[in-house]
Amino acid sequence: MDRDVLERRIGPRSFARLLGPWRPPGGRGLASALTERVRLLVLDGRLPLDTRVPAERELAAALDVSRTTVAGAYDALRAAGFLHSRRGAGSWTRIPAGPAVGADSPSPFSPVTDDHLVDLATAALPSPSDALRRAAAAALTDLDGHLGGHGYTLAGLPVLRAAVARRFTDRGLPTTPDQILVTSGAQHAIALLLALFTGPGDRVVVEHPTYPNALDAIRGRGCRPVPVPLGPDPERPWDLDQLTATVRDTAPALAYLIPDFQNPTGALMDTATRAGVVELARRTRTPLIVDETLAELPLDVPGPVPVAAHGAEDGSLVMTVGSASKVFWGGLRIGWIRASPAVVRRLAALRPSIDLGGAVLDQLVAARLVGEVDAVADERRETLRTRRDDLRAQLTAAFPEWHVPRPSGGLSLWVDLGAPVSSLLAGAARRHDVLLAAGPRFGLDGAFERHLRLPYTVRPDRVPMAVERLAIAWRTLGSMPPPTEAERIAVA
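Since we're looking at a predicted model, the values are computed, not measured. (Residues numbered from 1 in each chain as written. Predicted model: local features only at pLDDT ≥ 70, side-chain atom pairs only at ≥ 80, totals over all residues. Heavy atoms only, no water.)

Residues Leu395, Trp402, Leu425, Leu436, Leu454 and Leu470 are the most contacted members of the largest nonpolar core, which totals 91 residues. In contact with leucine 395, not counting residues within four places along its chain, are Trp402, Val404, Leu413, Leu454, Val467 and Leu470. Ranked by size, the runner-up nonpolar core spans 30 residues in total, among them Val204, Ile289, Val321 and Val344. (Core = buried A, V, L, I, M, F, W, Y, C linked by side-chain atoms within 4.5 Å. Buried < 20%, exposed > 50% of the residue type's maximum accessible area, 1.4 Å probe, protein only. Contact = heavy atoms within 4.5 Å.)

So, in structure tokens, the structure goes:
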């Protein structure tokens, strides 16, 4: 058996916490209820595939049930294809044999130029036209001072590095320009950090679910993503104990987290967990990428203080990635990395093997925009609050069986469909000219078939049409079996 399979395990106490309130009313049918809850955890991705589950006796003690109950549940899970076992070695989670629908489907994140299509896959706003035009006009004037040089800037233009450093400082993380490296977007930043800290075969710890393009970059580097599931508690979805155990057991070369309005769940990491994550990185000497691309978009809460402000100000182990794409515009391909000056120098030295720096004019435009980010972000947040609440209202009315959460920030909803049909729905919706990002796109091994990410960045005049077409597609799935009683209990 693969060595990684043996190393990924969950203890009985952690498993009991993950199961949550699984017992049915009246205490009858415990084995069946336990079977259903474990099955749902695997399908939802909260219990990653190839995870070694506790022995029957250990789990029975942790759950305060008979060993017969646990043995019956494990037997049913094995029969259904959700566990595979080796005599004397243990049991591991898996997905039943056969192709996982949508698991290998191509990325839906591509430009949509057909006005007849409704794009519910891309979570991005159009540009703030007036602010962008002003910044571009001013940047043309600024450009005169750069035309006499060669135009190559491996670390980025000083004016932009200074502007980004000031913004970090204003948010509670003192930063100097030599701690900033400018990149061609956040995805480029992630790829650079992977190139610096990892090699083929290395493990990278990620949340589960997570940003799909980051997963693609990790795989593209030849690394192995190691998932740590986000829990169902909206107040504290990050389980620091489980993250610690995963880092200890797998010795990853790197960890990648999205603490601010996590993509796709919209979750926000609390202060205590932020401090704990920094301490974990320091104690285990594990480099950590903190993706802050959505940090400037809090809708109902104060703006979060950067993770690195909790004891990792020097940036030697905690590297923060940011981007101009979400607040400003995806067409402005500007991102940045905040790290220690030494790490920035190493990244700049590595960069010629990948590119020779970003476009000077784009960096000048971004420097102007970062200087007025408060005004632009305020306007964006007001727009997003209205669109979020409107989309939720329309979805709740059209799909009463769905669970539609209300995230406190970010750009999208992580909807629980109540049944593992996300990829089927994405296929049906495409036939009705609606582009969706199915749940498995955000996970590993076909997980999250019960979920769908829906951005609230769509133009308001197109939302009713989008919901109507989505409802038609949903009705075509009417032959799917209804959720079991255990599933309804789990969703509740």
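After that view, the rundown keeps rolling.
To continue, consider the confidence of the model for the protein. Of the residues in the protein, 91% reach a pLDDT of 70 or more, and the chain-wide mean stands at 89. Across residues 98-111 the pLDDT falls below 50, and counting only partners more than four positions away or on other chains, this stretch makes 24 contacts in the model. Under a pLDDT of 50 for its full length, residues 479-492 has, in the predicted model, 19 contacts with residues more than four places off or in other chains. (pLDDT = per-residue confidence, 0-100.)

What follows is about the packing of helix α8 (residues 186-197) against helix α9 (residues 212-220). Orientation of α8 relative to α9, taken along the N-to-C sense of each, is 30 degrees, at an axis distance of 10 Å. In this view, α8 runs roughly parallel relative to α9, as classed from their interaxial angle. Classified by chirality, the crossing of α9 by α8 is right-handed. Every residue of α9 that contacts α8 at Gln187, Ile190 and Leu194 is listed here: Asn213, Ala214, Ala217 and Ile218. Partitioning the contact of α8 with α9 into residue classes produces 5 nonpolar, 2 polar and no charged. (Axes fitted to C-alpha atoms, helices over the stretch in contact; angles between N-to-C directions. Helix = DSSP H or I, 4+ residues; strand = E, 2+ residues; numbered from the N terminus. Parallel < 35°, antiparallel > 145°, perpendicular 65-115°, else oblique. Left-handed = near helix turned anticlockwise from the far one by under 90°. Nonpolar A, V, L, I, M, F, W, Y, C, P; charged D, E, K, R; others polar.)

Glancing now at the pairing of strand β7 (residues 254-257). Side chains Leu254 and Tyr256 of β7 all project onto a buried face; the interleaved residues Ala255 and Leu257 project onto the opposite face, where all are buried too. The pairing of strand β5 (residues 203-208) with β7 spans 3 bridges and is parallel. The residue bridging valine 205 from the neighbouring strand is alanine 255, located in β7. The parallel pair β7 and strand β8 (residues 288-291), bridged by helix α11 (residues 271-284), forms a crossover whose chirality is right-handed. (Pairing = 2+ DSSP bridges. Right-handed = clockwise from strand over helix to strand, strands pointing away.)

Attention now goes to helix α16 (residues 463-475). Across its 13 residues, α16 extends 18 Å between first and last C-alpha, which sits within 8% of the 18 Å expected from 1.5 Å per residue. Three or more residues of α16 are buried, namely Val463, Ala466, Val467, Arg469, Leu470, Ala471, Ala473 and Trp474. (Expected span 1.5 Å × (residues − 1).)

Should their charged atoms come close, side chains of opposite charge can pair. The final tally for this structure, using the stated rule, is 26 salt bridges. Taking the shortest distance from any N to any O, the salt bridge between arginine 39 and glutamate 36 comes out at 2.9 Å. Highlighted residues: arginine 39 and glutamate 36, both in helix α3 (residues 30-44), separated by 3 residues, approximately one helical turn. For the pair shown, arginine 39 and glutamate 36 are each scored as buried. Put simply, Asp300, Arg388, Asp389 and Arg406 are held in one network by salt bridges that share partners. (Salt bridge = Lys/Arg side-chain N within 4 Å of Asp/Glu carboxyl O.)

Helices that pack against each other are described as a pair by the angle of their axes relative to one another and the distance between those axes. Axis separation between helix α15 (residues 422-431) and α16 bottoms out at 8 Å; the angle between their running directions is 125 degrees. Accordingly, the angle class assigned to the pair α15 and α16 is oblique. Here the hand of the crossing between α15 and α16 comes out right-handed. Residues Leu425, Ala428 and Ala429 of α15 touch α16, and the partners they reach there are Leu470, Ala473 and Trp474. Residue classes in the contact of α15 with α16 are distributed as 6 nonpolar, no polar and no charged.

Right, let's get into helix α4 (residues 56-63). Those residues of α4 that sit buried are Glu56, Leu59, Ala60 and Leu63. Buried residues along α4 cover an arc of 105 degrees about the axis, so they all sit on one side. Residues of α4 that are exposed and point over 90 degrees away from its buried face: Arg57 and Ala61. Two residues or fewer past α4, aspartate 64 is found with a positive phi of approximately 60 degrees. (Arc of directions from axis to C-beta.)

Taken in spatial order, the 4 strands make up an open sheet running β3-β12-β13-β11, and their pairing is mixed. Among the strands making up the open sheet, the edge pair consists of β3 (118-120) and β11 (412-416). Averaged over all pairs of adjacent strands, the angle between strand axes in this sheet comes to 30 degrees, irrespective of strand direction. Where strand β12 (residues 434-438) and strand β13 (residues 451-455) come together, 2 bridges link them in antiparallel fashion. From the neighbouring strand, alanine 437 faces β13, where its bridge partner is arginine 453. Its contacts with the sheet put α15 on β12 and β13, and the angle it makes with β12 is roughly 165 degrees. Against the sheet, α16 contacts β3, β12 and β13, and its axis sits at roughly 80 degrees relative to β3.

Turning our eyes to something else, we now look at unusual backbone geometry. Residue histidine 208 is joined to proline 209 through a cis peptide bond whose omega torsion reads 5 degrees. When you line up the elements, proline 209 lands in the loop between β5 and α9. That bond from asparagine 263 to proline 264 is cis: its omega, 20 degrees, falls within 30 degrees of zero. Relative to the helices and strands, proline 264 resides in the loop between β7 and α11. Phi is positive for aspartate 50, which is not a glycine, with a value near 60 degrees. Along the polypeptide, aspartate 50 turns up in the loop between α3 and α4. Aspartate 50 sits in the partly exposed class, given a relative accessible area of 30%. Non-glycine residue alanine 251 carries a positive phi angle of around 45 degrees. For alanine 251, the location among the structural elements is in the loop between α10 (240-250) and β7. When its relative accessible area of 59% is taken as the criterion, alanine 251 is described as exposed.

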